[in-house]
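Given next are the chains, with one letter for each unit.
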Amino acid sequence: MVSTRGTGILLGLLWAGLNASAQVTATLSGWITDPSGASVGGARVTLSNPVAGFHRELTTPSDGAFSFTNVPYHTYELMAEKDGFAVSRQAFSLRSNIPQRITVRLTLEQTRTEITVTAESRSLVDPEETGTHAQMNQYDIDRLASGAGARGLESVLVGFPGFAKNANGAIHPRGAHNQMTYVIDGMPISDQLTGAFANAVDPAIAQTVELFTGNISAEYGGKVGAVANVTTRSGLGTGKTFSGNTYLDAARFDTFTQVTQVAGERGRFGYSAAINTSKSNRYLDQVSLDNLHNGGNSERGFLRLDFIPDQKNTLRFSATSGRSSFQLANLRSQHASRQDQRQLLRDLSVSTGWVRVLNPVSTFDTTLSYRTTVAQLFPSQGDTPVTAAQARHLSTLTLGSRFNRVAGMHTFRMGADYQHFPVSEDFSFGLTDPAFNPPGAPGFIPTLRAHDLSRGGRLFHFSRRDAGNMYSGFVQDDIQWRRLRLSLGLRYDNYRFLVAGNQLQPRVGLSFHIRETGTVLRASYNRTYQTPPNENILLSNSDQAGVLVAPDVRETLGGALVRIRPERQNVYEAGLQQAIGGKLSVNAAFYHKDSRDQQDNDNFFNTGIIFPISLARIRVNGAEARLVTLPVRGFSGSLALTHSRAVSTPPFTGGLFLGSSAIQALSLGPFVIDHDQKLGLHTIGQYNHKSGLWASATVRYDSGLVSNPSDPAEVAADPDYSDLLPYVNLRSDPPRVRPRTIADVVVGLERKLRDSHARWEISLHLGNLANTTALYNFQSIFSGTRLVAPRTAGLRLRWWW
């Protein structure tokens, strides 16, 4: 359970929800009329962006009114049609939360206009985007062929370019470790959201997911290697007082999943909720070919409430909660020793908000959110080579306000944020294997002798509480002048925690639309200030952790007492978007990043415990592209290509490098870090037939991440790792896990019950179709050893009401 103090804060935020909440979505409403101005009822109105996968439609009542709310910022096509009238198509740019109201006047059947051609050609490119931006909607997310055990939103994001895939759902955005921010209905979350470290975002709650990896708006700060903006499902617009669906999923490894969602509206009030429960005997990615001691379960809940008291005010409250309890996967030697380590993760988040329309061109919005997480590691009698226990509590209180104005060619936004993040850490460990740090052996660490339980030592124990603050402000002006789009932003962050620092961050970009060829050219420069991860940051920056490192390694690390500072980064991007043949869109980019005080993590013995570290510098060059095909006779798809080259420069700062001999080798000079991957390909193909039959497939190729520079002879003599040698190339420079290709397929049938709105669906899932054995990583000091899931078959039953 969350602490009493935390519960009190949450109740206070619920009360505050009556007068505070930000809206990061747009609203488009209006009326459909005939040539005389009379209302047209029964017209079908559709708002869509085919490249982004966004599609919503409704039928107008007798007064001809329509309204689309909760719409992510983008460029859309609005289509209105009714028998006897010509189809009307118009392109709209929805880039702010200032409501847009229009009147669509239908013409008679024989009088079509040129606007149809303009809207259709524009839908394949977005001339207003000055950086790399992609989007996916709930329909495609629901039918995505994901790998076995994919429980988090990362399984959706990895299909976009710019990501290298790692174990337990971890993804590396553009050569970074995991510097991502998730913005859920305006609430920023920068925790490391992967299965081993924290409860991931449930993809079932998402209505749309937007991903920004290039030219990040000045509105976003902290960890901005990538920003995933999640718009959750709202009950407004459902047209029902109560609706929902439930699905049950069963698969190999005794995997069972249940998801139930409900939504509805009544007048100006809307609600949406979801409950997700799952269990599996392969909860995390295994650490050896044998899936040993790897069971777990999770429960997640979501609630969203919307209220629109009048045309000038919008209120929203949302809450998410999660709990997961699981075993830590064992190596064979650990299983023989009856190691039984377990981990418990809990989180609770609430966000409240208010949007006020000041006048037809201006709004003010404010967000108040609170998130608290608890991570616990429980030791066992058979732990080897180290026993450890942890209780970590991390909370974040965020208050932000925004002013928005649209005037002529300007879309202006400015705001300020305040974050307060209390941290509590309790950690203990002791050596249990007498062969781990024997006195007199090469690499013996004298300071660990006191904590060698096999030689009468005592547990090392660390306990500390602290709190930090960050103060931020920004201005952003997007200017449209003819074919040119300028994005001018400036952000200021003032960080106050274990170290103090501040940074002005210009964020500028431009795009140019060549209408005649369907081409958009763009370029941008971003200065960012990425704050250190708060998970275990107190121990990583402590004197106690520093003295545990071997003297020669401590000297190599540049001094044990150097504090981890925020990462200062320059990001350059150039790209283009091209429409081809009316059905294909290509979006390509090249980027370069150079950083000081690079952020990363040290993984503690394949456990779910990570310790923040930093290196002196990192340099990343990358290229990526995404091809999207619009539906043709039911077929559609996308292809994402990613290349990145990431070179880090020591010395290291922070971490808890026990038994990591590779540190000395990596500290000799610049090295290719494990985020580096020469090529990643991710293909998504979908087919939908009017009979209700559908199919989806993903094929992903990874050329291989960098592994630990282990000695092949030592690995061959180690019974825990010897049989993994065929799947890693330790003689290459740098050593890498071998390339892999993984295919996942799902085939389904959806049917509507006769004379009813109810529907049912059955689908068959096959993960890792070829049963490929492969590694994500190998003995990495940053992420340990993990294997790809073997072939897994599953069956899903779903019912809508």
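To be clear, the structure that these remarks concern was listed above.
If you're wondering where the values come from, they're calculated on a predicted model, not measured in any experiment.

Definitions and cut-offs
Every chain is numbered on its own, with residues counted from 1 as its sequence reads. In view of the model being predicted, local features appear only for residues whose pLDDT reaches at least 70, and side-chain atom pairs are presented and counted only at 80 or more, with totals across whole chains, interfaces and linings using the full set of residues. For side-chain calculations, the full set of non-hydrogen atoms in the structure is used, while hydrogens and water are omitted. Salt bridges are defined as contacts in which a side-chain nitrogen from Lys or Arg sits within 4 Å of a carboxyl oxygen from Asp or Glu. In this text, helices come from DSSP runs of H or I with a minimum length of four residues, and strands from runs of E with a minimum of two, each type numbered from the N-terminal end. Only protein chains enter the accessibility calculation, which uses a 1.4 Å probe. A residue is then buried if its area is under 20% of the maximum for its type, exposed if over 50%, and partly exposed in between. Side-chain atoms within 4.5 Å link the members of a nonpolar core, which is a set of buried Ala, Val, Leu, Ile, Met, Phe, Trp, Tyr and Cys residues. By this definition, two strands are paired if DSSP reports at least two bridges between them. Whenever a helix is involved, its axis is fitted only over the stretch in contact; in every case the axis is a line through C-alpha atoms, and angles between N-to-C directions fall within 0 to 180 degrees. Each patch is built from salt-bridge-free residues with over 30% relative accessible area, joining like charges within 9 Å and nonpolar side chains (Val, Leu, Ile, Met, Phe, Trp, Tyr) within 5 Å. The accessible surface values rely on the Shrake-Rupley method and a 1.4 Å probe; as for residues, cover is taken only from the protein chains in view. The pairing test for Phe, Tyr and Trp rings, Trp by its six-membered ring, is centres within 6.5 Å, and the orientation test on the planes gives stacked under 30 degrees, edge-to-face over 60, and tilted for anything in between. Polar contacts, as used here, are pairs of N or O atoms within 3.5 Å; protein pairs need one atom able to donate a hydrogen and one able to accept it. Residues neighboring in sequence count only if both atoms are side-chain atoms. Contacts are assigned to residue pairs that have any heavy atoms within 4.5 Å of one another.

(A) Quick look at the pattern of salt bridges. In the structure shown here, the tally under the stated rule is 40 salt bridges. In this structure, the salt-bridge partner of Arg233 is Asp142, at a minimum N-O distance of 3.3 Å. One end of the pair, Arg233, is in the loop between strand E14 (226-232) and strand E15 (243-251); the other, Asp142, is in helix H3 (residues 138-142), with 91 residues separating them in the sequence. Exposure remark for Asp142: the relative accessible area of 23% places this residue in the partly exposed category. Two residues, Arg332 and Asp723, come together in a salt bridge whose shortest N-O distance is 2.3 Å. Here Arg332 is found in helix H5 (residues 332-336), whereas its partner Asp723 is found in the loop between helix H10 (712-716) and strand E35 (728-729), with 391 residues between them in sequence. The partly exposed category is assigned to Asp723, whose relative accessible area is 25%.

(B) Molecular detail of the nonpolar core. Counting 35 residues, the largest nonpolar core has Phe427, Phe429, Phe460, Tyr495, Phe497, Leu539 and Phe604 as its most contacted members. Looking at this core, the elements with two or more residues in it are strand E21 (362-378), strand E22 (386-407), strand E23 (410-431), strand E24 (460-481), helix H6 (537-540) and strand E30 (610-632). It is E23 that provides the largest number of residues to this core, a total of 5 residues. Ranked by size, the runner-up nonpolar core spans 29 residues in total, among them Leu157, Tyr182, Ala226 and Ile684.

(C) Structural context of the sheet that holds strand E2 (residues 44-49). Taken in spatial order, the 4 strands of this open sheet run E3-E2-E5-E6, and their pairing is antiparallel. Of all strands in the sheet, those with a lone pairing partner are strand E3 (54-59) and strand E6 (88-94), marking the two edges. Here the strands of the sheet are splayed against their neighbours by 20 degrees on average, with no regard to which way each runs. As paired elements, E2 and E3 share 6 bridges and run antiparallel to each other. Across the sheet, residue Leu47 finds its bridge partner in E3, namely Arg56.

(D) Structural context of unusual backbone geometry. A cis amide bond links Thr384 with the next residue in sequence, Pro385, at an omega value of 0 degrees. Locating Pro385 in the fold gives a position in the loop between E21 and E22. In the segment running from Asp733 into Pro734, the intervening peptide bond is cis, with an omega of 0 degrees. Looking at where Pro734 falls in the secondary structure, it is placed in the loop between E35 and strand E36 (736-737). We note that Arg174 has phi near 50 degrees; this positive angle belongs to a residue other than glycine. For Arg174, a relative accessible area of 1% gives the class buried.

(E) Local environment of the sheet that holds strand E12 (residues 187-189). Sheet architecture is open: 5 strands sit in the order E8-E13-E14-E11-E12, paired in mixed fashion. The open sheet has two edge strands with one neighbour each: strand E8 (133-137) and E12. Within the sheet, the average angular offset between the axes of one strand and its neighbour, ignoring direction, is 20 degrees. Here strand E13 (residues 206-212) runs beside E14; their pairing, made up of 6 bridges, is antiparallel. Each residue of the ladder has a partner; that of Glu210, found in E14, is Asn229.

(F) Structural view of the environment of Leu431. Tracing the backbone shows Leu431 in strand E23. Overall, the relative accessible area of 0% leaves Leu431 in the buried class.

(G) Representation of a nonpolar patch on the surface within the structure. A cluster of nonpolar side chains, namely Met414, Val475, Leu490, Tyr492 and Leu504, defines an oily patch on the protein surface of about 400 Å² accessible area. One can find Leu490 in strand E25 (residues 484-496).

(H) Geometry of the packing of aromatic side chains. As enumerated under the stated definition, the model contains 14 aromatic pairs in all. Relative to Phe460, the ring of Phe429 has its centre 5.2 Å away and its plane inclined at 40 degrees; by these criteria the two rings are tilted. A residue pair is termed long-range when its members are at least 10 positions apart, and Phe429 in strand E23 and Phe460 in strand E24 qualify at 31 residues. Judged by relative accessible area, which is 0%, Phe429 ranks as buried. Ring pairs connect the aromatic residues Phe421, Tyr495 and Phe497, which therefore count as one cluster.

(I) Summary view of the side chain of Asn137. With respect to the secondary-structure elements, Asn137 resides in strand E8. Reaching out from Asn137, the side chain makes a polar contact with the backbone nitrogen of Asp140 at a distance of 3.2 Å. Ignoring any residue separated from it by four or fewer positions in sequence, one finds Asn137 in contact with Ala52, Gly53, Phe54, His55, Gln207 and Thr208.

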